[in-house]
Every structure is written in C-alpha cells, then in structure tokens.
Amino acid sequence: MAATRDMRYRGKQAVNGSLAYDLDYAAREWELRHAGEAPKGRKKTKAKVREMPHVLIRARQYVSPLALLSVAAIMGLALLVLMSYVQLTMLSAETVKLQGQLEELESENVSLTAQYQRMFDMASVKEAAEAAGMSKPSGTQLGRLDLSAGDSAVAYQQKEPGLFSRILASLHGGVYAVVEYFD
C-alpha cells in the first residue's frame, strides 16, 4: 500500500524537496563546466585615479553687521527673560514665606484679642483698682471750673530784625538745606 501512495504523488505536480530558490545554482553550474581546466591568469589593471583639474575653494562669506546685531539682541532678550523668571521665582518663594508668617500672625492676633478682652473685663478692672487702693472721689475732691467769662490774649510786638541778622538767618537756612540734602 505504501507503493501506491508514492505513485499518487509522482505526477507532474509533485515536488521532491524544497520549493525555495537555489541561489548557488549558477555558481555550481559554472564550476561543473570548467572542472578540469587550469585557472586562467587575470589581467592586471591599474586603478584609474580621477584627477580634478583644480580644487574648488568656497569664497569666504560676508557676515552682515545687522545679522550680528540681531543675534546679540536676541541673546540679550533671552537673558532678560531668564532673569525675569529668576525674579519671578524669588518673588514666589518670598510670597509663600510671607503667607506663612501672615497665618502665624493671624493666629497670634486671635489669641491676643481674647487675652485683651479677658484683661479689660470691668469686674477684673474694679478688683485691680480696689487692690491698688483706689476708690471713688468724695464730694470735697470734686471742683468746678467757671468758663462764663470771655477769653483774652496778650500779644507782644517783636522788634524788626536788622539787615545783618536777616543775612545770617538766610545763610544759616541755606547751609542747613545743603547739609540736609547730602545726609
């Protein structure tokens, strides 16, 4: 039965082996055809060197002062932006620190306000005054002031200063202003 099974696959469509391309087929065929021949000497050829008629040198390019100025301006602006970011970061850190201090001061204010209100309780003030020996004034300690009479004032006329004293006063004021300006 094995023989009949082999016969079934021996038709025109049957393949023995692999269906992959044989890439070394041409090399093997050439070796089989020239199997007994002596190797032929190869002709020695010199490598051709291609010479260029002259060397091309690129001309020096001209740099515009306006281009240099614009590059410097851009770098300056970038530096200014960087410095502003540094200042912004410093201000943000200082703001956070000040907000923390504000919270501490607000809590301290609440506690001090409560302490202040306890301190100025009228009962505690009365007790403290009595402990210090204070008492209400008696009728003999009170006095009255009569303001029914009109007001009066006496004005004395000053003597007019002389020319020399006015010059000295002016110099004194000028020297004082200069000293105050430089302080």
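Residues numbered from 1 in each chain as written. Predicted model: local features only at pLDDT ≥ 70, side-chain atom pairs only at ≥ 80, totals over all residues. Heavy atoms only, no water.

Let's talk about the confidence of the model for the protein
- Averaged over all residues, the pLDDT of the protein is 82; the fraction at 70 or higher stands at 86%.
- The least confident element of the protein, judged by mean pLDDT, is helix α1 (residues 2-8) at 53; the most confident is helix α3 (residues 65-119) at 94. (pLDDT = per-residue confidence, 0-100. Helix = DSSP H or I, 4+ residues; strand = E, 2+ residues; numbered from the N terminus.)

A short note on the packing of aromatic side chains
- Within the structure shown, the criterion is met by one aromatic pair.
- With a centroid separation of 5.1 Å and an interplanar angle of 80°, the aromatic rings of Y181 and F182 are classed as edge-to-face.
- Taking relative accessible area as the criterion, Y181 reaches 68% and is therefore assigned exposed. (Phe/Tyr/Trp six-rings, centres within 6.5 Å; stacked < 30°, edge-to-face > 60°. Buried < 20%, exposed > 50% of the residue type's maximum accessible area, 1.4 Å probe, protein only.)

Let's talk about α3
- For α3, built from 55 residues, the straight-helix expectation of 81 Å at 1.5 Å per residue is met to within 8% by its first-to-last C-alpha distance of 78 Å.
- Of the residues flanking the start of α3, the one acting as N-cap is S64, its side-chain oxygen 3.2 Å from the backbone nitrogen of L66. (Expected span 1.5 Å × (residues − 1). Polar contact = N/O pair within 3.5 Å; in protein donor to acceptor, adjacent residues only side chain to side chain.)

Section: a negative patch on the surface
- A surface patch of like charges, here negative, comprises E103, E104, E106 and E108.
- Position of E106 among the secondary structure elements: in helix α3. (Patch = residues over 30% accessible without salt bridge, like charges linked within 9 Å, V, L, I, M, F, W, Y side chains within 5 Å. Areas by Shrake-Rupley, 256 points an atom, 1.4 Å probe, with all protein chains shown as cover. Salt bridge = Lys/Arg side-chain N within 4 Å of Asp/Glu carboxyl O. Lys, Arg positive; Asp, Glu negative; His and termini not counted. Charge placed at Lys NZ, Arg CZ, Asp CG, Glu CD.)

Looking at a nonpolar patch on the surface
- On the surface, L79, L82, M83, V86 and M90 cluster together to form a nonpolar patch covering roughly 490 Å² of accessible area.
- Mapped onto the elements, M83 comes out in helix α3.
- Take M83: its relative accessible area is 44%, and that puts it in the partly exposed class.

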